[in-house]
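# Overview (structure and organization)
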Amino acid sequence: MPETKTYTGGCHCGEVRFEVTADLGRVVSCNCSICQKRGALWAFVAPEHFALRAGSEDLKDYQFGKRGIHHLFCPQCGVGAFSRGTNPKGGGETIAINVRCLDDVDLAALTLAKFDGRSL
Ligand SMILES: [Zn+2]
């Protein structure tokens, strides 16, 4: 489904809710140390295409390694529905949406792009 659409999404308990306009034509499956454990599938959007609707004051931030990415998660249910990072290709902030946390998305219909984050 290579089409830009507006989706709603959030964590499991509903504390964290957001709205995002994203193209799910390219969804990334990464094998880095954290993605391997989390099993997240990612779509990347510019900050202006993302709006946090609930839970901003509750989010916990996990960082490791070079600390370039804020792996945000809900302290109540533990789900990390999105992360904030700086685009390594230059430019500003990028929001990484965990596609598994979007409402009404048929995960089986997505084409996954493998990313070798482990080798970075
Ligand atoms: Zn939650």
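The structure contained in this document is the topic of the report that follows.

In spatial order, the strands read β1-β2-β5; together these three strands make up an open sheet with antiparallel pairing. Looking at the sheet topology across the chains shown, the edges are occupied by β1 (4–10) and β5 (50–54). The sheet shows a mean angle of 25° between the axes of neighbouring strands, direction not considered. For strand β2 (residues 17–23) and β5, the ladder comprises four bridges, and the chain directions are antiparallel. Bridging across to β5, R17 finds its partner in A54.

For the coordinates displayed, the defined rule picks out four aromatic pairs. Centre to centre, the rings of F18 and F50 are 5.3 Å apart; their planes meet at 40°, and the pair counts as tilted. With a gap of 32 residues between them, F18 in strand β2 and F50 in strand β5 connect regions that are remote in the sequence. Ring centres 4.7 Å apart and planes at 45° place the aromatic pair F50 and F82 in the tilted group. Placement of the pair is F50 in strand β5 and F82 in strand β8 (residues 82–86), with a sequence separation of 32 residues. The class of F50 is buried, set by a relative accessible area of 10%. Ring-pair connections join several aromatic residues into one group, and the members of that group are F18, F50 and F82.

Thresholds, definitions, all that
Throughout this document, residue positions are counted from 1 along each chain, in the order its sequence is written. Local features are withheld for residues below a pLDDT of 70 in this predicted model, meaning they are given only at 70 or higher, and side-chain atom pairs are given and counted only at 80 or more; totals for whole chains, interfaces and linings count all residues. Excluding hydrogens and water, the side-chain figures rest on all heavy atoms present in the structure. Being paired, for any two strands, means DSSP has found at least two bridges between them. Each helix is a run of DSSP H or I of at least 4 residues and each strand a run of E of at least 2, with the numbering of both proceeding from the N terminus. Angular values range over 0 to 180 degrees, each being the angle between N-to-C directions of two axes fitted as lines to C-alpha atoms, with helices fitted over their stretch in contact. The rule is short: rings of Phe, Tyr and Trp, with Trp giving its six-membered ring, pair when the centres are within 6.5 Å, and they are stacked under 30 degrees, edge-to-face over 60, tilted in between. Buried means the residue's accessible area, taken with a 1.4 Å probe over protein chains only, is under 20% of the maximum for its type, while exposed means over 50%, and partly exposed covers the values in between.

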